[in-house]
Amino acid sequence: MANKHLLFIIFSLLIIFIINGCIKNGEELNNKNAEQSVDEMSKNKTNIFKGKLLVALGDSISAGTNSVGYALKSNENFANYLANDLEMKIKNYAFPGATSYDVLKQAEKMQTEADKPLIITILVGANDIFKGIDKEEYRKNLRDIIKLANNKIEENGFIIVISLPDISNLNNLECQNPIGYIDEKMQKAFYDFNEIIKQEVKQMQQMNKSKNIIFINIYNIPYDDNDIGIDCFHPGKRGHERIK
């Protein structure tokens, strides 16, 4: 039991660290309400996450699948790792190849479920870039996804919106990724989409001051061959552990 209490405190402190340190490209995201909520939770020795629902919305990264048909074990993805650590139930709507439109449909399906999640994770955008979907269409879809999550989340719950990774790191790996050299145009697209993610989260924070909407930037986190799966493109087991 002591270990469970310690795990909860560590997670609470981690969220506070993310909130307090959430300065991206010179802009500070407003996470004061989330900070206050986590502070209250950390004063309670009971694991308030235990038995609650975590919902994952997204593409192959959230699903734990890679591009060459090799699926990780169903529990080997960051959402499952997080749910297991916090003793939460999980509903993972993510699937490979999902664009922001597909994730919007995932969020709509989530609305039909009876249970309200305490945590919702959102990670989407790479397939929009690969399929040439317009940035403004992506922006609109992402905004609607966050709104639906905001409507569904349990009171004092957390909506965790995760950035896209820095795909240019793939150029530095020993293994050969399936899409070849990542040129400046592709790198810029990932940067621009991450700016959209940050902007939309900031706007929703300002509009919904009573909700805990958190932006986590993994764009600046370096990774190496040990973090990548067998396809040399998607996260492997260690990569998912690091995202978690």
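Residues numbered from 1 in each chain as written. Predicted model: local features only at pLDDT ≥ 70, side-chain atom pairs only at ≥ 80, totals over all residues. Heavy atoms only, no water.

1. Some remarks on the environment of Ala94
Counting through the fold element by element, Ala94 comes out in the loop between β4 (89–92) and α5 (100–111). Classification of Ala94 by relative accessible area gives buried; the value is 13%. In the structure, Ala94 is positioned 29 residues away from Leu123 in sequence and 9.2 Å away in space, judged by C-alpha atoms. Apart from the residues lying within four places of it in its own chain, the contact partners of Ala94 are Ala56, Leu57, Gly58, Asp59, Ser62, Ala63 and Gln106. (Helix = DSSP H or I, 4+ residues; strand = E, 2+ residues; numbered from the N terminus. Buried < 20%, exposed > 50% of the residue type's maximum accessible area, 1.4 Å probe, protein only. Contact = heavy atoms within 4.5 Å.)

2. Things to note about the packing of α5 against helix α7 (residues 135–152)
One can describe the packing of α5 onto α7 by two numbers: an axis separation of 9 Å at closest approach and a directional angle of 15 degrees. Judged by the inter-axis angle, α5 sits roughly parallel to α7. As for how α5 packs across α7, the hand of that crossing is left-handed. Counted together, Ser100, Tyr101, Val103, Leu104, Ala107, Glu108, Met110 and Gln111 of α5 and Tyr138, Asn141, Asp144, Ile145, Leu148, Ala149, Asn151 and Lys152 of α7 form the full contact between these two elements. Residues that form the contact of α5 with α7 fall into these classes: nine nonpolar, four polar and three charged. (Axes fitted to C-alpha atoms, helices over the stretch in contact; angles between N-to-C directions. Parallel < 35°, antiparallel > 145°, perpendicular 65-115°, else oblique. Left-handed = near helix turned anticlockwise from the far one by under 90°. Nonpolar A, V, L, I, M, F, W, Y, C, P; charged D, E, K, R; others polar.)

3. Side note on the pattern of salt bridges
The full count for this structure, using the stated rule, is 11 salt bridges. In this structure, the salt-bridge partner of Asp115 is Lys89, at a minimum N-O distance of 3.7 Å. Of this pair, Asp115 sits in the loop between α5 and β5 (119–123) while Lys89 sits in strand β4, and the two are 26 residues apart along the sequence. Lys89 gets classed as partly exposed once you look at its relative accessible area, which sits at 44%. In this structure, Arg143 engages Glu200 in a salt bridge whose closest nitrogen and oxygen atoms are separated by 2.7 Å. Of the two residues, Arg143 is situated in helix α7 and Glu200 in helix α8 (residues 184–207); the sequence distance between them amounts to 57 residues. What makes Arg143 partly exposed here is its relative accessible area of 26%. One continuous salt-bridge network, built from bridges that share partners, spans Glu136, Arg139, Arg143 and Glu200. (Salt bridge = Lys/Arg side-chain N within 4 Å of Asp/Glu carboxyl O.)

4. A short note on the environment of Asn77
Among the secondary structure elements, Asn77 is positioned in the loop between α3 (60–63) and α4 (78–85). Asn77 gets classed as buried once you look at its relative accessible area, which sits at 1%. With 13 residues separating them in the primary sequence, Asn77 and Gly64 have C-alpha atoms 4.8 Å apart.

5. Side note on the packing of aromatic side chains
Counted under the stated rule, the structure contains two aromatic pairs. Seen in terms of ring centroids, Phe130 and Phe190 are 6.0 Å apart; in terms of plane orientation they differ by 55 degrees. Their pairing is tilted. Residue Phe130 is found in helix α6 (residues 126–130), and its partner Phe190 is found in helix α8; the two are separated by 60 residues along the sequence. Consider the rings of Tyr138 and Phe193, whose centres lie 4.5 Å apart with planes at 35 degrees: the pair is tilted. Here the residue Tyr138 occupies a position in helix α7, and Phe193 occupies one in helix α8, the gap between them amounting to 55 residues. (Phe/Tyr/Trp six-rings, centres within 6.5 Å; stacked < 30°, edge-to-face > 60°.)

Purely geometric stuff here, so don't read any function into it on its own.
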